[in-house]
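Chain residues, written in single-letter form:
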Amino acid sequence: MGRHGGSVQRGRTTVAALAAGLLVVLGVGGWQAWERFGPAADPVAAKAGCVDPTDVTVTTTAAMREPLEAVARTADPGCWRFTVTAEAATVTARRFETSAADAPAVWVPDSAPLAREVAATSDGVRVGEVLASTPVLLAVPKGLKAPRPVTWSATLVAEDSRMPDPTTSTVGSLTLMEGFGEIDALPGDRRAGALARIGGMLSRVVPEESLLTSHAGQSDSAIFPTTEQQVHRAKVAGLTVHRASSTTPALEYATVTSDRSPNGASDALVAAATSAAGQKILRDAGFRTRTDSSPVVEGAPPAAALAGAASAAQAKAAEQMWAAIAKPTRLLNIIDTSGSMRAPAGGGASRIEVATAASSGANQLLADHNSVGLWTFSTRQRGRIDWTEVQPVRPLGQGDQRSRLAFSLGNLPTRLGGDTGLYDTVDAGYAAMVKGYDADAVNLMVLFTDGVNDDTSGGLSLAQLRTRLAKAADPKRPVTVLLIGMGGVDAKALGPIARAVPTAGGGGAAVFTVDRPQDIADVYVTMLLRRLPKG
């Protein structure tokens, strides 16, 4: 029976099911570990004469498990036995960050930045040498075409694309990071258009292992990001790879050890991986190595074209962006239908046309699991009541909610009249959002108006509005309010309303003013995806 070494286990490694927490607000994490059975596949044995060998668990990703296991068999046999397991790098990272008892003795993730981040936040964790790498490329099955030019942003929004879950796949997170970086660099109107198409990406996220088994020209052809090593291993006929015209990121496999790692075990594994025999094993498996960094598959770029590792800040920004996209939104759009909304907003469109176009764009952006409703407001819409519920807040995927919203928005230009009953509407809308609060979603009220409060039928004063909002607020049910001023309404005019919205629990309000249709599109999409309004 072997003694414990760091977080290692006695005898054969026991595989236990573990639920990994969500990254930020989205994501499913999971892990898989494999044991090899039979005399020829036993963990690397300790050298003869070692009475009490230590069982050393080495964890890597699925793509590296078999090659690393082969490398471990060539390691200098000290007084230990290596067992190589595999799981997503994000899951192992969580083990180190939480000082879990089952954190491996040696970790070889496919992300050097993630390894460095873990080392920076975990006591006694050290990052060693990079053993191998493989570039991330765009795979295109026969019969499909790559975007022109090939960019990661175009890949994100392409309807015939698939992407691995960025919360568990380094390929997915790198693609997301590079794609968002390209989109952020676009001019305002093009940026808004690209962001507006990202919402559909949710329906195109698939398990990474299915990319080369189901989407590479088999049952459901699609273009997708993958690694050179995976393409080499799969050997799918008719599949070509393309490098992005902007940046080609790479997965880097670095060694990570902690103070609990058995003395000498990690060094022996690294020595085996960097030896001539180890380098050949890794190269034959499709990885680029220190001794041979040339392309492994036809069409892959030379080593000089590969980008350096991303920073932790870049990775975090992509993670937050994905969380914002993936977390459901419960959205109430409230549109001013007073008579002045007939006036031009700029670019040849009326204010009501710009507002309805922006609302329609949001409905197209959001996936089916999001809920959207529509109100209108102007004075005396129903007796002394200034607002009307046109469509209740319901999931976009429920029944014909999308078509109902589209029909109602299309009819708004025919329903204009009256003055601006703003305070009463903000009060009623906020109360409705708190009452129908969804704890699993971002609860958002967006109000378009071209005027200040002008309620000829009476209604609330600003002081009364402030009192009523404070009474309706619930810190456990925070609501964000976005006020979009049109037609010359400035932030100074809408600011007092925004400041009246309670901020307890993370709610609050923000004001944007716009003059052109593209300005509204950019603000709307930015708000939905980046969740900028924080009070």
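These numbers were taken from a predicted model, which means no experiment stands behind them.

The next subject is the confidence of the model for the chain. Of all residues in the chain, 84% attain a pLDDT of 70 or more, and the chain-wide mean is 83. Taken as a whole, residues 1-42 scores under 50 in pLDDT and shows 96 contacts with residues more than four places along the chain or in a different chain. Segment residues 530-535 is flagged for pLDDT under 50; beyond a separation of four residues in sequence, or across chains, it makes 20 contacts in the model.

As a further point, take the pairing of strand β18 (residues 508-513). Bridging between strand β17 (residues 480-485) and β18 involves six bridges; their strand directions are parallel. Bridging across to β18, L483 finds its partner in V511. The handedness of the β17 to β18 crossover, carried by helix α16 (residues 491-500), is right-handed.

As for its placement among the helices and strands, R351 is situated in helix α12 (residues 351-365). Taking relative accessible area as the criterion, R351 reaches 13% and is therefore assigned buried. Those residues in contact with R351 that sit more than four places away from it in its chain are S340, M341, A343, P344, A345, D450, M486 and G487.

Moving on, we get to the pairing of strand β15 (residues 385-395). Two elements, strand β14 (residues 371-382) and β15, share seven bridges in a ladder whose sense is antiparallel. The residue of β15 that forms the bridge with S371 is P395. With antiparallel pairing between neighbouring strands as the criterion, β14 and β15 make up a hairpin whose turn holds two residues, including G383 at a positive phi of roughly 65 degrees.

Oppositely charged side chains are able to pair whenever their charged atoms sit close together. Going through the model one piece at a time under the given rule, you end up with 15 salt bridges. Taken together, the shared-partner salt bridges in this structure form one network comprising R65, E66 and E69.

Relative to the helices and strands, G193 is located in helix α6 (residues 188-196). C-alpha separation for the pair G193 and I183, spaced 10 residues apart in sequence, amounts to 9.5 Å.

Here the focus is helix α14 (residues 422-435). Over its 14 residues, α14 runs 20 Å from end to end, which matches the ideal 20 Å to within 8%, given 1.5 Å per residue. All of the buried residues in α14 are L422, Y423, D424, T425, V426, D427, A428, G429, Y430, M433 and V434.

Ordered by their spatial adjacency, six strands build an open sheet running β15-β14-β11-β16-β17-β18, and the pairing between neighbours is mixed. In this open sheet, the two strands that pair with only one neighbour each are β15 and β18. This sheet shows a mean twist of 15 degrees between the axes of neighbouring strands, independent of strand direction. Running at roughly 155 degrees to β15, helix α13 (residues 401-411) makes contact with β11 (329-336), β14 and β15 of the sheet. Set on the sheet, α14 makes contact with β11, β14, β15, β16 (442-449) and β17; between it and β16 the angle comes to about 165 degrees.

Burial runs high along helix α1 (residues 62-72): eight of the 11 residues are buried. For α1, every residue scored as buried is listed here: A63, M64, R65, P67, L68, E69, V71 and A72.

Turning our eyes to something else, we now look at unusual backbone geometry. Most peptide bonds adopt trans geometry, and most residues besides glycine take a negative phi value. With omega at -5 degrees, the peptide bond leading from R148 into P149 counts as cis. Within the fold, P149 resides in the loop between β5 (125-140) and α4 (152-157). Its identity is not glycine, yet S99 carries a phi of approximately 55 degrees, on the positive side. Mapping S99 onto the fold places it in the loop between α2 (89-97) and β4 (106-108). The residue K235 is not glycine, and still its phi comes out positive at about 50 degrees. Among the secondary structure elements, K235 is positioned in the loop between α8 (228-234) and β9 (240-242).

Reading the values: rules and limits
Residues numbered from 1 in each chain as written. Predicted model: local features only at pLDDT ≥ 70, side-chain atom pairs only at ≥ 80, totals over all residues. Heavy atoms only, no water. pLDDT = per-residue confidence, 0-100. Contact = heavy atoms within 4.5 Å. Pairing = 2+ DSSP bridges. Helix = DSSP H or I, 4+ residues; strand = E, 2+ residues; numbered from the N terminus. Right-handed = clockwise from strand over helix to strand, strands pointing away. Buried < 20%, exposed > 50% of the residue type's maximum accessible area, 1.4 Å probe, protein only. Salt bridge = Lys/Arg side-chain N within 4 Å of Asp/Glu carboxyl O. Expected span 1.5 Å × (residues − 1). Axes fitted to C-alpha atoms, helices over the stretch in contact; angles between N-to-C directions.

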